[in-house]
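Results of the structural survey
Each chain is listed here by its residues.
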Amino acid sequence: VWDISQPGNRSPVSQLDCLNRDNYIRTCKLYPDGRSLVVGGEANIISIWDLAAPSPRIKSELESAAPACYALAISPDAKVGFSCCSDGSIFVWDLHNETIIRQFQGHSDGVSCTDISNDGTKLWTGALDNTVRCWDLREGRQVHQHDFASQIFALGCCPTGGWLAVGTESSNVEVLHVNKPDKYQLHLHESCVLSLKFAYCGKWFVSTGKDNLLNAWRVPYGASIFQSKESSSVLCCDISVDDQYVVTGSGDKKATVYEVIY
């Protein structure tokens, strides 16, 4: 855990030992209020950390039948969590009672990425079975499916609605309209796209890849806004809620914080 308000201080505020030493972490997600963190990875346990305590501590642990968790999402009201697993299953959790309340089945391979629609009614998931699926959270069923030519590694929903961006193994980023056939295909990555995140204003998004690149794109048609090349594969990214900072995590064991000035 880092405090980026102190740019000169490069020491972490605290360190969370979440899984066994030989199980690596695949995903972590802050609660909307920033006071708790949920962590999943190469284990059947998902841990929830209390970050508001004087020193971070495990608040609870959720256990599922799946051997690994690849992606997590939390509902805007923080009452429901979603864990996407290596066996293709998606578990829906009541976070207060720490119980599984629903399971979505449909993907035939690991579910690598997920995001919740801007109105909170739909869950989008992408998987290694080359499909992106949409689940209606009120009805508890799949309502859309998009088939791709390669595995899906990243996706994101535009916070202001309308658009879904998908990053694929074949180095493409595709931007789809959720209700219309409109689609844009973006080619700036030279290798598989590993992560993707929309700015909260909904006007731009970033993607990262195995080609060491961080790309920023205008929504929806994908005009390039900026590009940065790092020294190793860029595995993950996120954007601060005020859209002022982009953070990346890369294969050479470092996190990089970018300030966005526009």
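Nothing here was measured: the structure is a model prediction, and the numbers come from that model. (Residues numbered from 1 in each chain as written. Predicted model: local features only at pLDDT ≥ 70, side-chain atom pairs only at ≥ 80, totals over all residues. Heavy atoms only, no water.)

Attention now goes to the overall build of the protein chain. Scanning the protein chain from terminus to terminus reveals 0 helices and 23 strands. Expressed as lengths along the three principal axes of its C-alpha atoms, the size of the protein chain is roughly 50 × 45 × 30 Å. Roughly 13000 Å² of accessible area belongs to the protein chain as shown, and the carbon and sulfur atoms make up 47% of that amount. Counting 22 positive and 30 negative side-chain charges, the protein chain places the averaged centre of each group 3 Å from the other. (Helix = DSSP H or I, 4+ residues; strand = E, 2+ residues; numbered from the N terminus. Areas by Shrake-Rupley, 256 points an atom, 1.4 Å probe, with all protein chains shown as cover. Lys, Arg positive; Asp, Glu negative; His and termini not counted. Charge placed at Lys NZ, Arg CZ, Asp CG, Glu CD.)

Examined against the element boundaries, N212 turns out to sit in the loop between β18 (204-209) and β19 (213-218). At 3.2 Å, the side chain of N212 and the backbone nitrogen of S233 are in polar contact. Among all residues touching N212, those that are not within four sequence positions of it are S228, K229, E230, S231, S232, S233 and V234. (Polar contact = N/O pair within 3.5 Å; in protein donor to acceptor, adjacent residues only side chain to side chain. Contact = heavy atoms within 4.5 Å.)

Computed from the structure, the second largest pocket encloses a volume of approximately 210 Å³. Of all the secondary structure elements, the ones that give two or more residues to the lining of the second largest pocket are β20 (224-229) and β23 (254-259). (1 Å grid on protein atoms, 1.4 Å probe; cavity = no way out; pocket = protein on both sides within 12 Å on 5 of 7 lines; lining within 4 Å. Points joined across faces, edges and corners; volume = space filled by probe spheres on them.)

We now examine the sheet that holds strand β10 (residues 122-127). The 4 strands are arranged β9-β10-β11-β12 in an open sheet whose pairing can be described as antiparallel. The sheet is open, and its two edges are formed by β9 (111-116) and β12 (141-147), each paired on a single side. Sheet twist, expressed as the average angle between the axes of neighbouring strands with direction ignored, equals 20 degrees. As paired strands, β10 and strand β11 (residues 131-136) are joined by 5 bridges and run antiparallel to one another. In the sheet register, K122 faces β11, and the bridge partner there is D136. (Pairing = 2+ DSSP bridges. Axes fitted to C-alpha atoms, helices over the stretch in contact; angles between N-to-C directions.)

With respect to the helices and strands, R141 occurs in strand β12. Separated by 38 residues in sequence, R141 and Q103 place their C-alpha atoms 9.6 Å apart. If we skip the residues at most four places from it in the chain, R141 touches F104, C134, W135 and D136. Among the polar contacts listed, one links the side chain of R141 to the side chain of E139, at a separation of 2.5 Å.

Everything listed is a geometric property; what it means functionally is a separate question.
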